[in-house]
Amino acid sequence: MRIGVDYYPEHWDESLWEQDAELMKKTGVRLVRLAEFAWCRLEPSDGDFDFSWLDKAIDIFSEKGIEVVLGTPTNCPPRWLCEAHPEILPAGDNAEINPIGIRGHRCLNSPVFRRYAERIVRQMAEHYRDSSTVTAWQIDNELEANICYCESCNKKHIEWLKGKYGTLEELNRAYGNVVWSGEYSAWEQIDPPYGGYNRAWLNPAYMLDYRRRTAEDVTEFAAFQADIIRSVIPDAKITTNTWFCSEMPDFYKLFEGLDFVSYDNYPTTIIPNEPEDIYTHAVHLDLMRGIKQQSFWIMEQLSGAMGCWMPMQKTPRPGMIKGYALQAFAHGADTVVHFRWRTANIGAEMHWHGLIDHSNVPGRRFEEFADLCREAENLTQYIGTELDSKIAVLYSVESEYALGLQPQTEGFSYMEQIKLMHQAFARFGVNVDIIGESADISKYRIVCVPALYVVHEDTVKKLCKFAENGGTVILTARSGVKDEHNNCIMQQLPTVYAELAGCHVSEYDPIGWGTGKVLFTDGESFTCKQWCDIIETDTARVLAQYDSDFYAGSPAVTLNLYGKGEVYYLGTFGERRLYEKLARSALDEQGIEYFPDLPMNVEVTTRSSEGGSVRFVFNNSKKEQSFNINGEEICLRPFEMKYI
Ligand code: GLA
Ligand code: ZN
């Protein structure tokens, strides 16, 4: 395992650089990320480049044997550029140019911005092409979908639609624009979704396309920068740091053209008392690993109390600095870079704490970090080992977008369903992959498909084939609802999945915050919530019925034999134990080994290679836990990890 830190030489007096680098070396830091917001220092005026300060910093790290990841600074165009070319600034949903003063002030589609971005990126690549210290590149920072309402974006959107639909008739038909007399009679009538009213009033087909295009912008922008870097340094290792934001990119497409995934990992420091609340970041880590189905990096890792645009949250409890970094490694993050070395004394983020406090006096968190660096050395032997999994949870970017556009019922969230499915299996100490819709699923034994709302023919075929060949599929309510345009399908739910599930839905009840009961044929009962599909079976058998409301006695959970495999249909959403029951039953049926008696919040993953495998056991809770694994007694302090 390799540990790094995010460092901003441009924020500190030069006299600190050498001291900082020396302490990093002594502590066991192997790499630093630099420069991702430093455009104004790298190009102080138009065409006048200054790399001298960065050279100096890189030389210092180089002497200490510390590698450098260079960020391209395109997130923050300098003031002189915004002043000379205000057209590079993004426009808000009132079509007015956004004021500057915070970061991210650029429209990815602006041709002028692209020209300047291309030049600074090329200059950097050329300047550092022969550096043996610069070993990787980060493009921009936390790229979000390019939601911008400027002229360039509007034009681009219309061209994109022309390319997709060819004629306005086709577009009007696909969007159902006859509703509310919304039919376009000229391409120029197409507007972006300006603000001033509730987005949910807008046409969902139009909105999904808009989300698709703004996500494509990001993919294309990252590829544009990667091409520039590679044209100068053909074997450069390139990434961008991503996260779960409100305007998510399409992770799978974004990273297709990049070398590795990196993720900004800030697990919560507030551990809920409520056992139903899933707070583990394991699900995010597994999703990140699943993007390219290979090991990944953490480019920013929790280092101190978080806050600044929000009130500060609890400081990481003892064990969290080390434990959460090790947890990331246990899920495939071979490199973990901590954000940041020292808490900023200047700027808007001065309350987002780093490893060292404002005082520059290393304290408790730093000691724990130093301990992590020592432990990381022992783990170096496991770099490159893989998490082999028989279980996958399918995460559909388009369903995420579409469900975000039209919330289904109070309390329902797509990501929550992904978490519940993931947790149901991870709970028993088995590796779980979270994969995208285009992934090959043939290597798995169980594929969970929560709320696969937007239909893609390829996915339907893939799941049918998977079940036919003996795989277990778990489907849930809100599957097969929308066609590729985000319009409802005129068939009984789960429409294209009805044959696979062997049942259909005669009516549904969005119960929101209300709750009901489901009763399994073996007598176990569970609380259900948010949604109730009233099911009629065709070829499936009933596993559970509703025990509440006017549909008491109707099937709620079914199981269908399909080819050599089995298909569960969960017509409702429920408490966590309900998912665990299905998970156990699927694991038993598939003959997959698991740990049935792990205490809650103890996480077990296995990394393996031809040389053997190692098991990581992590106590992700605030209490000490003792338990037995394969005959071995284990006792773990809060947030402690052992590998066996
Ligand atoms: C994000 C950004 C960083 C920093 C941190 C903490 O992850 O990438 O630049 O802003 O949040 O605030
Ligand atoms: Zn724009």
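Residues numbered from 1 in each chain as written. Chains lettered and ligands numbered in written order. Predicted model: local features only at pLDDT ≥ 70, side-chain atom pairs only at ≥ 80, totals over all residues. Heavy atoms only, no water.

Enquirer: Can you help me understand the coordination of the zinc ion (ligand 2) in this one?
Expert: Each angle at a metal carrying four tetrahedral donors should ideally be 109.5 degrees, and each at a metal carrying six octahedral donors should ideally be 90 or 180 degrees. Protein-derived coordination of the zinc ion (ligand 2) comes from Cys107 (SG), Cys148 (SG), Cys150 (SG) and Cys153 (SG), at a distance range of 2.2 to 2.3 Å. Relative to the metal, the four donor atoms surrounding the zinc ion (ligand 2) lie at angles of 94 to 115°, and the coordination shape comes out tetrahedral. In the primary structure, the donors to the zinc ion (ligand 2) are separated according to the pattern C-x40-C-x1-C-x2-C. The exposure class assigned to Cys150 is buried, which follows from its relative accessible area of 9%. (Donors = N, O, S within 2.8 Å, 3.2 Å for Na, K, Ca; no water. Tetrahedral: all angles 85-135°; square planar, octahedral: opposite > 155°, others 65-115°. Buried < 20%, exposed > 50% of the residue type's maximum accessible area, 1.4 Å probe, protein only.)

Enquirer: Quick question: what am I supposed to make of the side chain of Ser110 here?
Expert: Of note, Ser110 is situated in the loop between helix 4 (79–84) and helix 5 (111–128). Only 3.0 Å separates the side chain of Ser110 from the backbone nitrogen of Phe113, close enough to count as a polar contact. Setting aside residues up to four positions removed in sequence, Ser110 forms contacts with Glu87, Ile88 and Ser152. (Helix = DSSP H or I, 4+ residues; strand = E, 2+ residues; numbered from the N terminus. Polar contact = N/O pair within 3.5 Å; in protein donor to acceptor, adjacent residues only side chain to side chain. Contact = heavy atoms within 4.5 Å.)

Enquirer: I tried to follow helix 17 (residues 576–590) on my own but got confused; where do I start?
Expert: Residues that lie three or four places apart on an α-helix share one face, since the helix turns once every 3.6 residues. Compared with the 21 Å implied by 1.5 Å per residue over 15 residues, the 21 Å span of helix 17 between its first and last C-alpha is a close match. Along helix 17, the residues that are buried comprise Arg576, Leu578, Tyr579, Glu580, Lys581, Leu582, Ala583, Ala586, Leu587 and Gln590. (Expected span 1.5 Å × (residues − 1).)

Enquirer: What should I look at first to understand unusual backbone geometry in this one?
Expert: Most of the time, phi is negative for any residue but glycine, and the peptide bond is trans. In the segment running from Phe339 into Arg340, the intervening peptide bond is cis, with an omega of -5°. Examined against the element boundaries, Arg340 turns out to sit in the loop between strand 9 (333–338) and helix 12 (364–379). Here Leu493 and Pro494 are connected by a cis peptide whose omega angle stands at 0°. Here Pro494 shows up in the loop between strand 13 (472–476) and helix 16 (498–501).

Enquirer: Teacher, can you tell me more about the environment of Ala583 here?
Expert: As for its position among the elements, Ala583 is in helix 17. Taking the C-alpha atoms as reference, Ala583 lies 19 Å from Ser479; in sequence the two are 104 residues apart.

Enquirer: So what exactly am I meant to see when it comes to the sheet that holds strand 17 (residues 555–562) here?
Expert: Across a sheet, strands are paired by hydrogen bonds formed along the backbone, either parallel or antiparallel in direction. With mixed pairing, ten strands are arranged side by side in an open sheet as 11-10-12-13-18-17-16-14-15-19. What marks the edges here is a single partner per strand, and that holds for strand 11 (432–435) and strand 19 (572–574). Within the sheet, the average angular offset between the axes of one strand and its neighbour, ignoring direction, is 20°. Pairing geometry for strand 15 (residues 525–537) and strand 19, over three bridges, is antiparallel. What sits directly across from Cys528, in strand 19, is Gly574. Here helix 14 (residues 414–426) sits on the sheet in contact with strand 10 (391–394), strand 11, strand 12 (446–449), strand 13, strand 15 and strand 19, set at roughly 175° to strand 10. The sheet strands contacting helix 17 are strand 10, strand 12, strand 13, strand 14 (503–520), strand 15, strand 17, strand 18 (565–570) and strand 19, and the helix crosses strand 18 at an angle near 175°. (Pairing = 2+ DSSP bridges. Axes fitted to C-alpha atoms, helices over the stretch in contact; angles between N-to-C directions.)

Enquirer: What is the right way to read the sheet that holds strand 6 (residues 241–242) from this model?
Expert: Reading across the sheet, the nine strands line up as 5-4-3-2-1-9-8-7-6 and stay open at both edges, with parallel pairing between neighbours. With one partner strand each, in any of the chains shown, strand 5 (238–239) and strand 6 form the two edges of the open sheet. Looking at chain direction, strand 4 (residues 134–138) and strand 5 are connected through two bridges and run parallel. Bridge pairing in strand 5 places Trp137 opposite Ile238. Across the sheet, helix 5 lies against strand 3 (67–71) and strand 4, angled at about 170° from strand 4, the strand it touches most. Set on the sheet, helix 11 (residues 320–330) makes contact with strand 7 (262–265), strand 8 (296–301) and strand 9; between it and strand 9 the angle comes to about 145°.

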